[in-house]
Amino acid sequence: MESMTFVLFGATGDLAKRKIYPALYNLYIDQKLPQPISIIGLGRGKLSHFDFQEKVKESILEFSRRLEHDASQMGEFLNAFRFSTLDVNKTEDYQKLLKLVKEREEELQMKEHRMFYLSVAPEFFDIIALNIKNSGLGETNGWKRLIIEKPFGHDLQSARELNEKLSRAFDEDEIYRIDHYLGKPMVQNLEALKFANPILQSIWNKDHIANVQITASETVGVEQRAGYYDHSGAIRDMVQNHMLQMLMMTAMNLPYKMNAAEIRNEKRKVMEAVRPFIKEKVKNHIVRGQYASGEINGQLVSGYKDEPGVNPSSQTDTFVAARLWIDNPLWSGVPFYVRTGKRMKEKSTRIVIELKNSLKLLYNQDQTVKPNLLIIDINPDENVTLQLNGKNPLNGKIEPVRINFSCEDLNRNRLGVPEAYERLIFDALIGDSTFFAHWKEVELSWEWVQPILNAFEENLSPLHEYQSGSYGPEAADFLLAENGFKWWLDEKNIEDKQIIPQK
Ligand SMILES: NC(=O)C1=CN([C@@H]2O[C@H](COP(=O)(O)OP(=O)(O)OC[C@H]3O[C@@H](n4cnc5c(N)ncnc54)[C@H](OP(=O)(O)O)[C@@H]3O)[C@@H](O)[C@H]2O)C=CC1
Ligand SMILES: O=C1O[C@H](COP(=O)(O)O)[C@@H](O)[C@H](O)[C@H]1O
């Protein structure tokens, strides 16, 4: 791997502390960090290089999954770090930064390969990109890359404006837009699951699949992030990015070649085929909700409007369920349901694929035979489970049997499995953009979401209250019931929890 300078804007922030430093350290331990590497952290305060290195060390000791904190290795790792004071608006600070970058490149005899990671508030993304260009930091005799955090825009127009500004300083193939769901092992595994298994590949279409359900439920509430969340809601925070990315990964066709360009091309085609809504029709296909008080894991929790920092008359959505149609030859007529919410019954990210039963009339006259389900648990469990039917020898009845062919070996050895940020940072270091969001995917996602934002803003869609600790408002159940379906694996719908692990 090529040596490089890694410039981190927002080096004193929460994300850097909890995710980025531990990820860099884990990569270092796994010998996946280039050597030498120059890492330069930025923030407005005055920190000596030593003080900064101590902060990095503290965050690793607190958040790294690796147990190896061998003093000599840690020392060598920390030695790569330097700090430079920088206010994003002060052009002279970029000149100081450039000087330090060059000094280190000379000292370490490195080519001018420069990675810029923007772990700062989104309102700074454009000004930083502009200053990277104007200061000369972006003029290199090697490559330059930009890693950018979410959110990418607040709506379609602001996303387009941001992209236009970024593109003045960076080409599309130099921009790595992070969506941490794309770094999750089971999301990355979807591709292999579908395309490396002919048995699944042959059923992955409208002829065999009745519906697809993608859920990301959380038990946490808004936490300390009301300032951001109350202007964002679940639709911007989760649906526009993570949920639609999971939809694209699930529904994309077999790419012509397994490379970043082809995979992203197939994902783009999915989004192009998703049927758009006009805002007046949003209420027929989208359910929005907001959590009221309730109980989670035996603890009483307050409703969203009573959370610190939330406007007491807030109409912000903390839950969204949507029914989408993908109008292409592979999926026409198959509803895709996505659902996400805070303060729900369980923390779980899961894709459930319900199969059609063409022999229903022969075997299912009394409607008791359950459909085959393919259940892909993404987080916190990482499992693949197939629900089939078999005849119970005791009573002769057809009953569901679940076969779990999970990633047990991976789970048993969690220490060895890289986390999302580790995978994504590594991919950016080696220039692999497969699991980053391309601008076209982001733009198409905003295009689909925009009428929903408009409908919410104009109150054209009811805001349903749901009890904390539930599976969301009942209206989300009706969305499926209209098509003769139900959310699988919600507690009220589980009739058979038997899991047979494959040894
Ligand atoms: N935290 C998380 O879990 C997640 C965060 N994100 C995204 O990551 C980004 C960073 O989030 P997070 O770390 O939580 O934010 P924090 O508020 O914790 O940190 C913000 C950082 O920006 C720096 N900063 C603020 N103002 C300026 C300025 N004028 N000039 C230079 N630096 C400045 C701060 O440094 P200082 O005060 O020292 O100047 C600090 O290092 C955001 O885009 C967020 O949406 C995405 C997913 C999860
Ligand atoms: O991006 C975000 O994701 C988290 C959920 O991530 P997960 O990996 O724990 O599933 C969510 O809590 C947060 O609101 C959102 O900004």
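Residues numbered from 1 in each chain as written. Chains lettered and ligands numbered in written order. Predicted model: local features only at pLDDT ≥ 70, side-chain atom pairs only at ≥ 80, totals over all residues. Heavy atoms only, no water.

- For the protein, the name recorded in an unreviewed UniProt entry is Glucose-6-phosphate 1-dehydrogenase, with Neobacillus cucumis as its organism.
- The annotation that UniProt attaches to the protein under Sequence similarities (unreviewed entry) is "Belongs to the glucose-6-phosphate dehydrogenase family." (UniProt positions renumbered as here; feature names shortened; annotations may be inferred.)

Topic: the domain arrangement of the protein
Right, on to step 1. Parsing the protein into structural domains produces domain 1 (4-149) and domain 2 (182-416 + 438-482).
Right, on to step 2. The centre of domain 1, based on its C-alpha atoms, is set 36 Å off from the matching centre of domain 2. (Domains from an automatic or database assignment.)

Notes on the nonpolar core
Right, on to step 1. By size, the foremost hydrophobic cluster in this structure holds 147 residues, and its most contacted members are Phe9 and Trp448.
Right, on to step 2. Counting residues per element, this core draws most heavily on helix 10 (residues 233-251), at 11 residues.
Right, on to step 3. Both domains that furnish three or more residues to this core are identified here as domain 1 (4-149) and domain 2 (182-416 + 438-482).
Right, on to step 4. Every residue in contact with tryptophan 448, bar those within four places of it in the chain, is listed here: Val239, Leu244, Met271, Val274, Arg275, Pro276, Phe277, Ile286, Ala322 and Leu324. (Core = buried A, V, L, I, M, F, W, Y, C linked by side-chain atoms within 4.5 Å. Buried < 20%, exposed > 50% of the residue type's maximum accessible area, 1.4 Å probe, protein only. Helix = DSSP H or I, 4+ residues; strand = E, 2+ residues; numbered from the N terminus. Contact = heavy atoms within 4.5 Å.)

Details of the site of ligand 2
Right, on to step 1. With respect to spatial proximity, the complete set of residues near ligand 2 consists of Lys150, His180, Tyr181, Lys184, Glu218, Arg225, Asp237, Met238, His242, Lys342, Lys347 and Asn379.
Right, on to step 2. Between lysine 342 and ligand 2, the recorded distance is 2.9 Å, taken from a side-chain N or O atom to an oxygen atom.
Right, on to step 3. In the complex, the protein chains occlude 82% of the 390 Å² of accessible area that ligand 2 would expose alone.
Right, on to step 4. When residues of the shell around ligand 2 are assigned to their parent elements, the largest contribution, three residues, is made by helix 10.
Right, on to step 5. Across the shell around ligand 2, the residue classes tally to two nonpolar, three polar and seven charged. (Near = heavy atom within 4 Å. Polar contact = N/O pair within 3.5 Å; in protein donor to acceptor, adjacent residues only side chain to side chain. Areas by Shrake-Rupley, 256 points an atom, 1.4 Å probe, with all protein chains shown as cover. Nonpolar A, V, L, I, M, F, W, Y, C, P; charged D, E, K, R; others polar.)

Examining the UniProt feature "binding site: NADP(+)" (unreviewed entry) in the protein
Right, on to step 1. When the UniProt feature table is mapped onto this chain, "binding site: NADP(+)" (unreviewed entry) is found at Gly10, Ala11, Thr12, Gly13, Asp14, Leu15, Ala16, Lys17, Arg44, Asp87, Val88 and Lys150.
Right, on to step 2. Tracing the chain through its elements places threonine 12 in the loop between strand 1 (4-9) and helix 1 (14-29).
Right, on to step 3. Threonine 12 has contacts with Leu42, Leu47 and Phe83, leaving out every residue within four places of it along the chain.

Thoughts on the confidence of the model for the protein
Right, on to step 1. Scored by pLDDT, the protein has a mean of 92; 93% of the residues are at 70 or more.
Right, on to step 2. As scored by the predictor, the complex reaches a pTM of 0.94 and an ipTM of 0.97. (pLDDT = per-residue confidence, 0-100.)

Quick word on the side chain of glutamine 450
Right, on to step 1. Structurally, glutamine 450 can be placed in helix 16 (residues 439-457).
Right, on to step 2. Glutamine 450 sits in the buried class, given a relative accessible area of 18%.
Right, on to step 3. In this structure the side chain of glutamine 450 is engaged in a polar contact, spanning 3.0 Å, whose partner is the backbone nitrogen of leucine 156.
Right, on to step 4. In this structure glutamine 450 touches Asp155 and Leu156, once residues within four positions along its chain are discounted.

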